[in-house]
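Listed below, chain by chain, are the residues.
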Amino acid sequence: MITFFVALLALVAAYFTYGKYVEKVFGPNEERQTPAYANQDGVDFVPMNKQKNALIQLLNIAGTGPIFGPIMGALYGPVAFLWIVLGSIFAGAVHDYLTGMISIRNRGAHIPELAGRFLGKVSRHLVNVFALLLLLLVGTVFVTTPASLLHNLIDGRVALLAIILIIFVYYFLSTILPIDKIIGRIYPYFGALLIIGTVGVGAALLLRGYTIPELSLTNMHPADTPIFPILFLTITCGALSGFHATQSPLISRTTQNEKQGRYIFYGMMIAEGVIAMIWAAAAMTIFDGQSLQGLINEGTASLVVSEVSMTLLGAVGGTIAVLGAVVLPITSGDTAFRAARNIIADYINISQTKMAKRLVIAIPMFVVSYWLTTIDFNILWRYFSFANQGTAALALWIGTMYLFVKKKNYFIALIPAVFITDMVLTYILYDSNLGFGLPYQAAHTGGIIMTVAITALFFWKARKNTRENLVVDLEVPSLPKSEKIN
């Protein structure tokens, strides 16, 4: 119980301490006009207030990741708490803040365009592939997971395919309509449902006499799966997630003032860390490793969500908690497809002001995603985890480059960039299904060697960019006095 309270306290305190330091390093300028005003188009570039942007950002980034990932990470035991807390504070929240703020400074650019500007043309194409693969996988995973949760909740009284099609229709409308028409209006209600459900699960754990395990560095995974690197690709959302790098630019296009960035980007990642802590604690408190693994194998983590919710809160409260868990993937799936549309449009330079041009991009995306729903969920999650953390590494390298060229403390991004790069490369070398299946020690050695090589290449490129006086902030007019928002 002490570990749980200390973890929550550390997350909250970090927003006011380390988050403030990261903000100071970046140096937001409240006089600078944001893309919401400079590029206002009534579709994607629409000024919205701080609270609405923060809620949308939280719901965008908090898909099933901060629930499903921590549930599967709970198999390792309380050591998972460490990654959630330290990852959220020093990696995930820094990643989200820098991605969102650098996008604001570059007219709302998405991650592939930022990679092209700061890491080179080859990186732009590489990140474009990673980002689109990730977004399609996210969109698909976040169709199947809420559909399975709802299917279980109503005891199969409505066909799973029908639920999937209903979710697809909502995603399609959210993708092609202006951001303030559906997303901006419906998310406050979704947010209330999420908060009620999550708080209910956390409160029940504390008030009903459960003993939450204390911190231990022992690997308790029933299959003895190694912590390094697998845990760091299992718990992604809720600690560090490249998916967030695709979502923050959506909100960079609606943010009214740069000073709102810490609250919107850093703060909402901390909130996601709290959600992840609650679900990880619930999973490892109610189940032992073997029974948890059995439930996951039987019906994915969605079955665990249902069991935890009903056990802790009963039929009515449990239903609300499950609906709160359903909200998370739905409010990430819709913006995953929206971000994919924006990235494709930016990449091939097609304006999105007209509905017909949005449909040209959206329709093929949804056809591909529907086909992906026919693939086994565990395979999808494996590829999602790899693409997710690969994108996170690239986004952190972009942040490191930005700070390096501006002669600021780039170590706040460099350290997590090096760490997650090593974890991703080691995973590729070690995993026998997705990667090369090398022996454990050989995979770690290879991961370290490749990470060192990538780091050396980065500093060569960074010094070259500095010598060539790379422009990192695109010029825009100052924010009119009538539009300055605190």
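- The name recorded for the protein chain in an unreviewed UniProt entry is Carbon starvation protein CstA, from Terribacillus saccharophilus.
- As recorded by UniProt, the Sequence similarities (unreviewed entry) comment attached to the protein chain reads in full: "Belongs to the peptide transporter carbon starvation (CstA) (TC 2.A.114) family."

## Examining empty space enclosed by the protein
At step 1: Enumeration according to the criterion identifies two cavities of 30 Å³ or more in this entry.
At step 2: Counted as a void, the largest cavity has a volume near 40 Å³.
At step 3: Looking at the largest cavity, the residues that line it are His110, Pro112, Glu113, Arg124, Asn128, Ile343, Asp346 and Tyr347.
At step 4: With three residues, the single largest contributor to the lining of the largest cavity is helix H14 (residues 289-348).

## Thoughts on the packing of helix H11 (residues 227-234) against helix H17 (residues 411-430)
At step 1: In the contact formed by H11 and H17, the axes pass within 9 Å of each other and the chain directions differ by 110 degrees. One way to sum up the angle between H11 and H17 is to call them roughly perpendicular. Contacts between H11 and H17 involve Phe228, Pro229, Ile230, Phe232 and Leu233 from the former and Phe419, Ile420, Met423, Thr426, Tyr427 and Tyr430 from the latter.

## Some words on the packing of aromatic side chains
At step 1: Per the stated rule, a full pass over the model turns up 24 aromatic pairs.
At step 2: Aromatic pair phenylalanine 172 and phenylalanine 366: ring centres 5.4 Å apart, planes at 75 degrees, arrangement edge-to-face. Highlighted residues: phenylalanine 172 in helix H9 (residues 160-176) and phenylalanine 366 in helix H15 (residues 355-372), separated in sequence by 194 residues.
At step 3: Taking 5.5 Å as the distance between ring centres and 80 degrees as the angle between the ring planes, the aromatic pair formed by tyrosine 430 and tyrosine 440 counts as edge-to-face. On the criterion of sequence distance, the pair formed by tyrosine 430 in helix H17 and tyrosine 440 in helix H18 (residues 440-467) is long-range, its members being ten residues apart.
At step 4: For tyrosine 430, a relative accessible area of 25% corresponds to the partly exposed category.
At step 5: Residue classification places tyrosine 440 among the partly exposed residues on the basis of a relative accessible area of 32%.

## Considerations on helix H13 (residues 261-286)
Helical geometry note: an α-helix holds 3.6 residues per turn, so side chains three or four residues apart project in the same direction.
At step 1: End to end, H13 covers 37 Å across 26 residues, agreeing with the expected 38 Å (1.5 Å per residue, within 8%).
At step 2: Along H13, the helix axis deviates most sharply at glycine 267, where the bend reaches about 30 degrees.
At step 3: Burial within H13 is extensive, with 22 of its 26 residues counted as buried.

## Thoughts on the layout of surface pockets
At step 1: Space inside the second largest pocket adds up to approximately 490 Å³.
At step 2: Forming the walls of the second largest pocket are 19 residues, and the residues nearest its centre are Ser123, Leu126, Leu394, Trp397 and Ile454.
At step 3: Looking at the lining of the second largest pocket, the elements that each hand over two or more residues are helix H8 (121-153), helix H16 (377-405), H17 and H18.
At step 4: When residues in the lining of the second largest pocket are grouped by element, the largest group, six residues, is from H16.

## Describing the environment of alanine 7
At step 1: Along the chain, alanine 7 falls in helix H1 (residues 2-16).
At step 2: In the structure, alanine 7 is positioned 78 residues away from valine 85 in sequence and 6.3 Å away in space, judged by C-alpha atoms.
At step 3: With residues up to four places along the chain from it excluded, the contact list for alanine 7 reads Val85 and Met277.

Cut-offs and rules
Residues numbered from 1 in each chain as written. Predicted model: local features only at pLDDT ≥ 70, side-chain atom pairs only at ≥ 80, totals over all residues. Heavy atoms only, no water. UniProt positions renumbered as here; feature names shortened; annotations may be inferred. 1 Å grid on protein atoms, 1.4 Å probe; cavity = no way out; pocket = protein on both sides within 12 Å on 5 of 7 lines; lining within 4 Å. Points joined across faces, edges and corners; volume = space filled by probe spheres on them. Helix = DSSP H or I, 4+ residues; strand = E, 2+ residues; numbered from the N terminus. Axes fitted to C-alpha atoms, helices over the stretch in contact; angles between N-to-C directions. Parallel < 35°, antiparallel > 145°, perpendicular 65-115°, else oblique. Contact = heavy atoms within 4.5 Å. Phe/Tyr/Trp six-rings, centres within 6.5 Å; stacked < 30°, edge-to-face > 60°. Buried < 20%, exposed > 50% of the residue type's maximum accessible area, 1.4 Å probe, protein only. Expected span 1.5 Å × (residues − 1). Bend = angle between axes of the 7 residues up to and from the residue.

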